[in-house]
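Analysis of the macromolecular model
Chain by chain, the residues run as shown.
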Amino acid sequence: RMPRMVKMRGLKQDKCGLLAHGGDDQRRNRTSLRVLAAGFAPCLLFLLSLFPTSSAFTQSSLGLEAKYGVGVRGLQASATARKHASCLSPCAATKALPGVTRFFLPPFRSTAFGSPATRKCSAALLAQADDDAEVSPLEALVDFKGAPCVVQAVTDKAEILQLNRKTRKAKFKDLQVVFADRPVRSWELQELDGTLPEPIVSPEKVHAELLITGGTCTVGELSSKLFQTTTTHLTAWAAWKLVTEDLYFTGTTQTIAAHPADRVAKDLEKARAKKSQEKDQTNFVKRVKDRKLKASDMDRVNDVEEMALNRAQTSPTLKLLGIEQTPQAAHTLLLELGVWDSLTNPWPARFGVVMESFPKSLVAEAISQIAAAKKLKRTDFTTMEAFAIDDADIPDPDDAISVSQGEGDSLQVWVHVADVGSVVRPDSELDLAARRRGASCYLPNGTLPMLPERIQESLGLGLANTSPALSIGFVLEDDGHIDNVQIVRSTIKVTRKSYAEAAVLMEKGDGPWSLMEEASFRFRDRRLENGAVGFQMPQSVVSVRDGKVDIKLQEHFDSNDMVMEMMLMAGEAVSQYALDKEIPFLFSTQGPLKDLSPAKYVPKKQLLKGGRAPAENPFEIANQLKEANKEKKDKDRIGPPETLAEMFEFRKRFERSQQKTKPDTHTGLGMSMYCQISSPLRRYSDLVLHQQLHAALNGEPLLSEEELLQRVTDTEEQVGATKKAERFSSQYYTLNWLKANPDYTGGGTCCALWQPRPGTPKIATVLLKDLAFFANVRCKQDVKTDEEMSVALSGVRLVEMKADMRHNVNIEMLYGT
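All values reported here derive from a predicted model rather than from experimental measurement.

Let's shift gears to the overall build of the chain. Check the secondary structure of the chain and you find 27 helices and 25 strands. For the chain, the proportion of its 817 residues judged to be buried stands at 47%. Taking as baseline every contact in the chain between residues at least 6 positions apart, the subset at least 24 positions apart corresponds to 66%. When the accessible surface of the chain is split by element, carbon and sulfur atoms take 50% of a total near 41,700 Å².

Here you go:
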């Protein structure tokens, strides 16, 4: 009946408001009605009675009851009722229900509405409302989270227009009315995104006047004081921005007060300092872009260096410059600015290798312990010929060899090792420092030792006239077995030889050199019978001297193999000794080879026959290894790969070696028990075993198996980082060499072929012969593995650690094929 009632009263349709009741959680009454607001209280009360009861509504109900005699005591309105009631025009609501004005008007501070008629109604509404009533404006300029906006509609929230010309809804508590003297249009809102007018009267003067009066003012009054003109949306917003800066003024748009003078003085000083800093940063950015840094700028790039070395996760300087915060981006910037040169090697630091020098207190402890170790009782072996065979420039020789003829066909072998365990005691400061490093790091541009240099100088074999050593003696039988193991502290006189010099002496067969070669042959043959697999990939020696990179292929001599066999013998002998003496110990083991493909080098059975329970006694393990390999046919025996491509693939089949508290097979070496004992100056795992042997010799308490394993396990991550740093550093300086030789061409062997996607050219992994360096090359013609390829350098990406090589193909030959 409502449209008819509207017509009967002769009122226009645009005087009506739309009330669409949507309900709350109870979802009652989904009726949509058009309600005549002016003079139609009974219908309005009927509609209000439909709303669910959720919030108290007492003052308005009393007003309605008094004026219209309608029993509405106790009537309540929910938040949903407020929303739908607000759809009534303010003018109609005011005329119809002056007593319920506060119910219909959502909380919001203003006096203005969209049209002149509604503004007039709202003014009347304000006159009727209480002092604490809050009224909502339309088309008023408001502050929403520091940004200017214009109110476009009001429901349970305000719908505001933003500077980006998008609308959104905002809570009333998040808004402050800045200018409501007249409607603010959308194009006027966009003006606020530009330059605001400058005050006629300085903020300092207005601030002083406000301090004297001691009162407050509104944003409109502040605008009038500053600009000496009628307030506009521009001047109001400019005045409000001064308030939000919180320098001179504070408060809301209706109550603005002046800050105390002493606070303003302090804040001004901070603002000037901040402005100076921003100007300095702007000038710094300009100098970086121009690649013209000043000496004072070096402190600014410290955080960039920390990022490049992977020691920091963020870099304020890179963020300021708008550069990605990664080690690679930081490295690139440092090279471009000239802060680093191409020879600056970031890889040891990136992998966390300890690079700082040893403190003086630690050096002093080393000197003290060295003096104490000299007082220990030692066996005099100075009349025994002992040879330390190593690279010519090695700074820390730590093993030497003596071989003499024994009874019958047996050989008496002594392997002397630097006596580091007598100086570095368990849990001492020296021990903790070595444990922290894990191993010495050998880089092309220098060595990062595990122990202070004073220990190397005093204990390195052959560096002085006589050297203290831990000597491991045993009898090597004709079949390569080891017997009669003994370990003593000794004093030896060592003769140092390089691998090249030792190879010449072995070839001549003079004196003990023929016996050393014979001993190595016996033990090697025994290991091969047990299924040992060994091969040598080409390697290079990269060094940096006087700012130049030098690369030489590492020569492999027979003396290298001989020394390796001697150290393996010592490892087995000490393992036997520890088992016989029941000393808790650590043994190096390696699992069976991975079966990656049905290549000809994949044995059908790996060392032990399938299904046979593994032996616990190491001697039983050795017998099983020997018997298992005897049963194998020639085609199934594990043999070394012959070509470079086979070696490249075969490397992937080796399992990672592990440290265990019980002896177990080491597949690659073909040994039933083995421990690493020959490098206590270089490896912490070797040093721990030396400390255990010294405790046993001195009758001191021994470390338990768990303690031994825990100490070595604690260093595994650092040892792995050290190995990666060595490998990446060698590759980094090789790339430097290639960068210095942009016309490089060379030959290599195709070790592997792979195809990124079907239909694309194949990529060959080429081992460059003269550099022992692997590079990926896109093939321009068909290539097979182990085939020779000619390549040429296209470019070097030093930061990315890549060398771009192209297939150097003869065009005439290519056309011919």
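Additional details are given in the paragraphs that follow.
Glancing now at a positive patch on the surface. Together, Lys 145, Lys 157, Arg 168, Lys 169, Lys 171 and Lys 173 make up a region of like positive charge exposed at the surface. Examined against the element boundaries, Lys 171 turns out to sit in the loop between β6 (167-170) and β7 (175-179). In this structure Lys 171 comes out as partly exposed when scored by relative accessible area, which is 43%.

Generally speaking, a soluble globular protein has its nonpolar side chains buried in company with each other. One finds Ile 455, Ile 472, Met 562, Met 566, Phe 585, Ile 677 and Leu 693 to be the most contacted residues of the largest nonpolar core, which totals 77 residues. Broken down by element, this core gets its largest block of residues, eleven residues, from helix α22 (residues 558-580). Residue contacts for Met 562: discarding those within four places in its chain leaves Ile 389, Ile 401, Met 506, Trp 513, Met 516, Glu 517 and Ser 520.

Throughout the structure, instances matching the rule amount to 13 aromatic pairs. Considering the side-chain rings of Phe 535 and Phe 650, the 5.8 Å spacing of their centres and the 90° angle between planes classify their relative orientation as edge-to-face. With Phe 535 in the loop between α21 (512-529) and β17 (540-545) and Phe 650 in helix α24 (residues 644-650), the pair connects residues that are 115 residues apart, well separated along the chain. Looking at Phe 535, the relative accessible area reads 22%, which means it is partly exposed. Taken together, the ring pairs in this structure connect Trp 347, Phe 351 and Phe 728 into an aromatic cluster. Looking at Arg 300, its charged tip hangs above the ring of Phe 284, at a distance of 4.8 Å from the centre. Stacked on the ring of Trp 347, the Lys or Arg Arg 350 has its end atom at 4.7 Å from the ring centre.

What follows deals with empty space enclosed by the protein. For the coordinates displayed, the defined rule picks out three cavities of 30 Å³ or more. In this structure, the second largest cavity occupies an estimated 40 Å³ of space. Around the second largest cavity sit Val 353, Val 354, Arg 437, Ala 439, Cys 441, Leu 448, Pro 449, Gln 718 and Thr 722, which together line it. Class assignment for the residues of the lining of the second largest cavity results in six nonpolar, two polar and one charged.

Sheet topology places strand β5 (residues 158-161) next to β6; four bridges connect them, and they run antiparallel. Pairing of Ala 158 across the sheet is with Ala 170, part of β6. A loop of five residues connects β5 with β6, the two strands running antiparallel in sequence, and Arg 165 in this loop sits at a positive phi of about 70°.

Relative to the helices and strands, His 666 is located in the loop between β20 (658-660) and α25 (684-698). We classify His 666 as buried; its relative accessible area is 10%. Dropping the residues within four chain positions of it, His 666 is found in contact with Ser 588, Thr 589, Gln 590, Ser 657, Met 671 and Tyr 674.

In this section: the sheet that holds β5. Adjacent strands of a sheet form backbone hydrogen bonds with each other and so pair up, either parallel or antiparallel. The strand order across the open sheet formed by five strands is β6-β5-β4-β3-β7, and the pairing between neighbours is antiparallel. Each having just a single partner strand, β6 and β7 make up the two edges of the open sheet. On average, each strand axis in the sheet is tilted by 45° relative to the strand beside it, whichever way the strands run. Alignment of strand β4 (residues 147-154) against β5, held across four bridges, turns out to be antiparallel. Among the inter-strand pairings, Val 151 is bridged to a residue of β5, identified as Ile 160.

Let us now look at the pattern of salt bridges. Taken as a whole, this structure holds 33 salt bridges when the rule is applied. A salt bridge links Lys 652 to Glu 649; its shortest N-O distance comes to 3.4 Å. By relative accessible area, which is 41% here, Lys 652 ends up partly exposed. The partly exposed category is assigned to Glu 649, whose relative accessible area is 36%.

Turning next to the sheet that holds strand β24 (residues 788-797). One closed barrel holds the five strands; their spatial order is β21-β22-β23-β25-β24, and the pairing between them is mixed. When strand polarity is set aside, the average angle formed by the axes of neighbouring strands in this sheet is 50°. The pairing of β24 with strand β25 (residues 802-807) spans six bridges and is antiparallel. The partner of Val 796 across the bridge, within β25, is Ala 803.

We now examine helix α20 (residues 499-508). Taken residue by residue, α20 has Tyr 499, Ala 502, Ala 503 and Met 506 as its buried positions. Taken end-on, α20 shows its buried residues confined to a sector of 105°, consistent with a single buried face. In this structure, the buried residues of α20 make contact with β10 (379-390), β16 (482-498), α21 and α22. Downstream of α20 by one or two residues, Gly 509 has phi in the positive range, about 75°.

Look at α20 against α22: their axes get within 8 Å of each other, and the N-to-C directions meet at 95°. As far as their axial angle goes, α22 and α20 are roughly perpendicular. The residues of α22 that touch α20, namely those facing Tyr 499, Ala 502, Ala 503 and Met 506, are Asp 558, Ser 559, Asn 560, Met 562 and Val 563. Partitioning the contact of α20 with α22 into residue classes produces six nonpolar, two polar and one charged.

In the sheet, β17 pairs with strand β18 (residues 548-553) via six bridges, with the strands oriented antiparallel. In the sheet register, Val 541 faces β18, and the bridge partner there is Lys 552. A loop of two residues connects β17 with β18, the two strands running antiparallel in sequence, and Asp 546 in this loop sits at a positive phi of about 55°.

Under the criterion given, the structure shown has zero disulfides. For Cys 751, which is in no disulfide, the shortest distance to another cysteine sulfur is to Cys 750 and amounts to 7.0 Å. Look at Cys 751 and you get buried, because its relative accessible area is 2%.

With that settled, the discussion passes to α21. Over its 18 residues, α21 runs 26 Å from end to end, which matches the ideal 26 Å to within 8%, given 1.5 Å per residue. All of the buried residues along α21 are Pro 512, Trp 513, Met 516, Glu 517, Ala 519, Ser 520, Arg 522, Phe 523, Arg 526 and Arg 527. Count one or two residues on from α21 and you reach Gly 531, which has phi positive near 95°.

Turning our attention to unusual backbone geometry. Comment: phi is negative for the bulk of residues other than glycine, and the bulk of peptide bonds are trans. Positive phi is not limited to glycine here, since Asp 246 has a value of about 60°. Topologically, Asp 246 is positioned in the loop between α11 (233-244) and β8 (249-251).

A few words now on the confidence of the model for the chain. When pLDDT is averaged across the chain, the result is 80; 77% of the residues are at 70 or more. Overall, residues 598-615 carries pLDDT values under 50, and its contacts beyond four positions in sequence, including any with other chains, amount to 43 contacts.

The next thing to look at is the environment of Cys 675. With respect to the helices and strands, Cys 675 occurs in the loop between β20 and α25. Between the C-alpha atom of Cys 675 and that of Ser 588, which follows or precedes it by 87 residues, the distance is 5.1 Å. What Cys 675 contacts, discounting residues up to four positions off in sequence, is Gly 571, Val 574, Ser 575, Phe 585, Leu 586, Ser 588 and Leu 689.

Rules of the game
- Residues numbered from 1 in each chain as written.
- Predicted model: local features only at pLDDT ≥ 70, side-chain atom pairs only at ≥ 80, totals over all residues.
- Heavy atoms only, no water.
- Helix = DSSP H or I, 4+ residues; strand = E, 2+ residues; numbered from the N terminus.
- Buried < 20%, exposed > 50% of the residue type's maximum accessible area, 1.4 Å probe, protein only.
- Contact = heavy atoms within 4.5 Å.
- Areas by Shrake-Rupley, 256 points an atom, 1.4 Å probe, with all protein chains shown as cover.
- Patch = residues over 30% accessible without salt bridge, like charges linked within 9 Å, V, L, I, M, F, W, Y side chains within 5 Å.
- Salt bridge = Lys/Arg side-chain N within 4 Å of Asp/Glu carboxyl O.
- Lys, Arg positive; Asp, Glu negative; His and termini not counted.
- Charge placed at Lys NZ, Arg CZ, Asp CG, Glu CD.
- Core = buried A, V, L, I, M, F, W, Y, C linked by side-chain atoms within 4.5 Å.
- Phe/Tyr/Trp six-rings, centres within 6.5 Å; stacked < 30°, edge-to-face > 60°.
- Lys NZ or Arg CZ within 6 Å of the ring centre and 35° of its normal.
- 1 Å grid on protein atoms, 1.4 Å probe; cavity = no way out; pocket = protein on both sides within 12 Å on 5 of 7 lines; lining within 4 Å.
- Points joined across faces, edges and corners; volume = space filled by probe spheres on them.
- Nonpolar A, V, L, I, M, F, W, Y, C, P; charged D, E, K, R; others polar.
- Pairing = 2+ DSSP bridges.
- Axes fitted to C-alpha atoms, helices over the stretch in contact; angles between N-to-C directions.
- Arc of directions from axis to C-beta.
- Parallel < 35°, antiparallel > 145°, perpendicular 65-115°, else oblique.
- Disulfide = S-S within 2.5 Å.
- Expected span 1.5 Å × (residues − 1).
- pLDDT = per-residue confidence, 0-100.

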